[in-house]
Amino acid sequence: MKASVRQSYCSADSIQLVDLPIPEPKPDEIRIRVMATTVNRTDLGVLTGKPYAMRLFAGFPKPRFAVTGTDFAGVVDKLGVGVQDFQIGDRVWGFWDHGQGTHAEYACIPTKYPMLPIPEGVGFAEIVACGEAAHYAFNFLNKVNPSEGDHVLVNGGTGGIGSAAIQLLKARGILVTAVCHEAHVDLVKSLGADRVIALEKEDFTKESIQYDFVFDAVGKSRFKCCKSILKPKGVYLSSELGPNWENITLALYTPILGGKKVVFPVPGSIRESMDAIQSLLLEGKFHPLIDEKQFRLDQMKEAFAYVASGKKVGNVILKVGDGTKQ
Ligand SMILES: NC(=O)c1ccc[n+]([C@@H]2O[C@H](COP(=O)([O-])OP(=O)(O)OC[C@H]3O[C@@H](n4cnc5c(N)ncnc54)[C@H](OP(=O)(O)O)[C@@H]3O)[C@@H](O)[C@H]2O)c1
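Everything numeric in this text was worked out from a predicted model, so none of it was measured.

## Structural notes on the overall build of the protein chain
Working step 1: On a plain count of helices and strands, the protein chain comes out with ten helices and 15 strands.
Working step 2: On C-alpha atoms alone, the protein chain measures out to a radius of gyration of 20 Å, which is about the 20 Å that the 2.2 N^0.38 rule sets for 326 residues.
Working step 3: For the protein chain, the residues scored as buried account for 47% of the 326 residues in total.
Working step 4: Put simply, 70% of the contacts in the protein chain that link residues at least 6 apart link residues at least 24 apart.

Shown next as C-alpha cells:
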C-alpha cells in the first residue's frame, strides 16, 4: 500500500510516499481501507513534534507512528481476533490526536479508539471534515459553556476551529461576532455569524462593545489586548499557548483574582465531541467548512506545506483511492 512516512520529527519536505505491506490487524483492532482523511493542524504538530509538549503524546524521542495522519473515513476491511462490534464492509470514521497512521491506503485502528459508523447518505469527505477542528471547537465551548443571550467574539472565522465554533455557538442560540480577512466576510456570514469584522478595516481589540467571551480560534491575539472588550466577568480563550505559554500561566492565576479571566481549554473526550457533531450534522445544524483545495496521497508535501502556511480555509481533505465517493 502507499503511505506517507517519516522516521523522525521533521518538516513537510522530508515526508516520503512509500510502498509498505498492508498491515495486519492485531487482536481488538480493525483494518480500515481509508477513503478520505484530512491534513490538519494536529497532523502538523505530530509531524514536526512542535510544540514540544506534543511529543509527550505522539512519541519520544521518535514519533510512535512512522505513517502520519490522525483522522479517517473509510470501510472496515478486516477484523482482528476478538472484534465483535464491527463487520467487514462497515463505513466508519474516527479521530485520534496522538496520531494513528491514517495518511495511507490502509490503517489498523484499535476498537477502543474514538470511532463511529458513518450515517446513511453522508459522504466520506464530509464526515472526515467533522473530526479534528470541530472536536477542538466543541471542547473549547464546553469548557466555558456559553448560554443563550451571551455575546461571543470568534477571532479566525475561516479556520477549521473558528468555522466550527461559529456554527456550534449558533446552534446554541448565541450571538456571534466573527473576525476574518475581508476576502472571506461573505463566507463567514454564511456560516451564521451575526456580525463579521474585516480585520483590515477594524481592529476588534479597540471596539467599544464588550463580550462575554473572546475566543481566539487562530491564537493571534493576547489576553492583555482583549481585556477592554471583555465584560467585567468576561472570559478569554485561545487555541494557542501564547508567547512563553502565557495562556497556561494566565489560566492558573486569573480565576483566583476574580473579574476577567483566561481559561485554557485542555482537550477532553473526543468520542463525546464526535457524537455531538455527528448529531448536529444530521439535524442540519452543522456543515463542516471544506477548503476548495483538495489533495491526493501523492501530494502530501504540498498538503502539509499548505496547512503550515496558515492559509487553509476550514478543513483540507486528502482523497485516498476513490475517497470522495459514497
Ligand atoms: N489547542 C489545541 O489543542 C489546538 C489543536 C489544534 C489546533 N490548534 C491551533 O489552533 C489554531 C487554529 O487551527 P485551525 O486548524 O483552526 O486554523 P487554520 O485553519 O490553520 O487557520 C487558518 C485560517 O486562519 C485565518 N487567519 C490567519 N491569520 C488570521 C488573523 N490574524 N486573524 C483572523 N484570521 C486569521 C486564515 O485566513 P486567511 O487565509 O484569510 O489568511 C485561514 O483561513 C492553530 O494555530 C493551531 O496550531 C490548537
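Moving on, there is more to tell.
## Considerations on the nonpolar core
Working step 1: Val 128, Ala 137, Ala 165 and Phe 215 are the most contacted members of the largest nonpolar core, which has 92 residues in total.
Working step 2: In terms of residues, this core owes the most to one element, helix α4 (residues 132–144), which gives seven residues.
Working step 3: Both domains that meet at this core, namely domain 1 (2–129 + 290–319) and domain 2 (133–262), each give it at least three residues.
Working step 4: Look past the residues within four positions of Ala 165 in its chain and what remains in contact with it is Ala 137, Phe 140, Leu 141, Val 154, Phe 215 and Ala 217.

## Observations regarding the pairing of strand β12 (residues 230–238)
Working step 1: Where strand β11 (residues 211–216) and β12 come together, five bridges link them in parallel fashion. When the sheet's bridge partners are listed, Tyr 211 is paired in β12 with Leu 230.

## Description of the domain arrangement of the protein chain
Working step 1: Taken domain by domain, the protein chain comprises domain 1 (2–129 + 290–319) and domain 2 (133–262).
Working step 2: One C-alpha centre belongs to domain 1, the other to domain 2, and the line joining them spans 29 Å.
Working step 3: Each partner contributes residues to the interface: domain 1 has seven residues there, and domain 2 has six residues.

## Focus on helix α5 (residues 160–171)
Working step 1: Spanning twelve residues, α5 covers 17 Å between terminal C-alpha atoms, matching the ideal 16 Å at 1.5 Å per step.
Working step 2: With respect to burial, α5 is a largely interior element, ten of its twelve residues being buried.
Working step 3: For α5, the full list of buried residues reads Gly 160, Ile 161, Gly 162, Ser 163, Ala 164, Ala 165, Ile 166, Gln 167, Leu 168 and Leu 169.
Working step 4: The inward-facing, buried residues of α5 abut α1 (41–48), α4, β8 (151–155), β9 (175–180) and β11.

## Let's talk about unusual backbone geometry
Working step 1: For the peptide bond that leads from Lys 50 to Pro 51, omega is 0 degrees, which places it in the cis range.
Working step 2: Mapping Pro 51 onto the fold places it in the loop between α1 and α2 (54–58).
Working step 3: Despite not being glycine, Asn 244 shows a phi value in the positive range, around 55 degrees.
Working step 4: Tracing the sequence through the fold places Asn 244 in the loop between β12 and α8 (246–257).
Working step 5: A positive phi angle, near 55 degrees, is found at Trp 245, a position not held by glycine.
Working step 6: Within the secondary structure, Trp 245 is located in the loop between β12 and α8.

## What to know about the environment of Ile 32
Working step 1: Relative to the helices and strands, Ile 32 resides in strand β3 (residues 29–39).
Working step 2: The exposure class of Ile 32 is buried, given the 29 C-beta atoms found within 10 Å.
Working step 3: Once the C-alpha coordinates of Ile 32 and Ala 107 are considered, the two residues, 75 residues apart in sequence, prove to be 5.3 Å apart.
Working step 4: Filtering out sequence-adjacent residues up to four positions away, Ile 32 remains in contact with Phe 72, Gly 74, Val 75, Val 76, Asp 77, Val 92, Tyr 106, Ala 107 and Ile 109.

## Points about the packing of α4 against helix α9 (residues 270–282)
Working step 1: Contact geometry for α4 and α9: axes closest at 9 Å, N-to-C directions at 100 degrees. Accordingly, the angle class assigned to the pair α4 and α9 is roughly perpendicular. Residues Ala 134, His 135, Phe 138 and Asn 139 of α4 lie in contact with α9, whose contacting residues are Ile 270, Ser 273, Met 274, Ala 276 and Ile 277.
Working step 2: Counted by class, the contact of α4 with α9 contains six nonpolar, three polar and no charged residues.

## Observations concerning the sheet that holds β9
Working step 1: Strand order in the open sheet formed by six strands is β10-β9-β8-β11-β12-β13, with parallel pairing between adjacent strands. Whereas interior strands pair on both sides, the edge strands pair on one side only; in this sheet they are β10 (195–198) and β13 (261–262).
Working step 2: In the sheet, β8 pairs with β9 via five bridges, with the strands oriented parallel. Residue pairing across strands places Val 152 opposite Val 176, the latter belonging to β9.

## Points about α8
Each α-helix winds once per 3.6 residues, and so residues spaced three or four apart point in a common direction.
Working step 1: Over its twelve residues, α8 runs 16 Å from end to end, which matches the ideal 16 Å to within 8%, given 1.5 Å per residue.
Working step 2: Looking one or two residues past α8, Gly 258 carries a phi angle of roughly 80 degrees, positive in sign.

## Focus: the site of the ligand
Working step 1: With respect to spatial proximity, 28 residues lie near the ligand, and among them Thr 158, Gly 159, Ile 161, His 181 and Ser 239 are the closest.
Working step 2: Within the residue set of the shell around the ligand, elements represented by two or more residues are α1, α4, α5 and β9.
Working step 3: Among the elements that make up the shell around the ligand, the one with the highest residue count is α5 (three residues).
Working step 4: For the shell around the ligand, the class distribution of residues is ten nonpolar, 13 polar and five charged.

## Digging into the environment of Ser 279
Working step 1: Among the secondary structure elements, Ser 279 is positioned in helix α9.
Working step 2: Classification of Ser 279 by C-beta neighbours within 10 Å gives partly exposed; the count is 13.
Working step 3: C-alpha of Ser 279 to C-alpha of Pro 119: the two residues are 160 residues apart in sequence and 9.9 Å apart in space.

What counts, and where the lines are drawn
- Residues numbered from 1 in each chain as written.
- Predicted model: local features only at pLDDT ≥ 70, side-chain atom pairs only at ≥ 80, totals over all residues.
- Helix = DSSP H or I, 4+ residues; strand = E, 2+ residues; numbered from the N terminus.
- Rg over C-alpha atoms; globule rule 2.2 N^0.38 Å.
- Buried ≥ 20, exposed ≤ 12 C-beta atoms within 10 Å, placed from the backbone.
- Contact = placed C-beta atoms within 7 Å.
- Core = buried A, V, L, I, M, F, W, Y, C linked by C-beta atoms within 7 Å.
- Domains from an automatic or database assignment.
- Pairing = 2+ DSSP bridges.
- Expected span 1.5 Å × (residues − 1).
- Axes fitted to C-alpha atoms, helices over the stretch in contact; angles between N-to-C directions.
- Parallel < 35°, antiparallel > 145°, perpendicular 65-115°, else oblique.
- Nonpolar A, V, L, I, M, F, W, Y, C, P; charged D, E, K, R; others polar.
- Near = placed C-beta within 6 Å.

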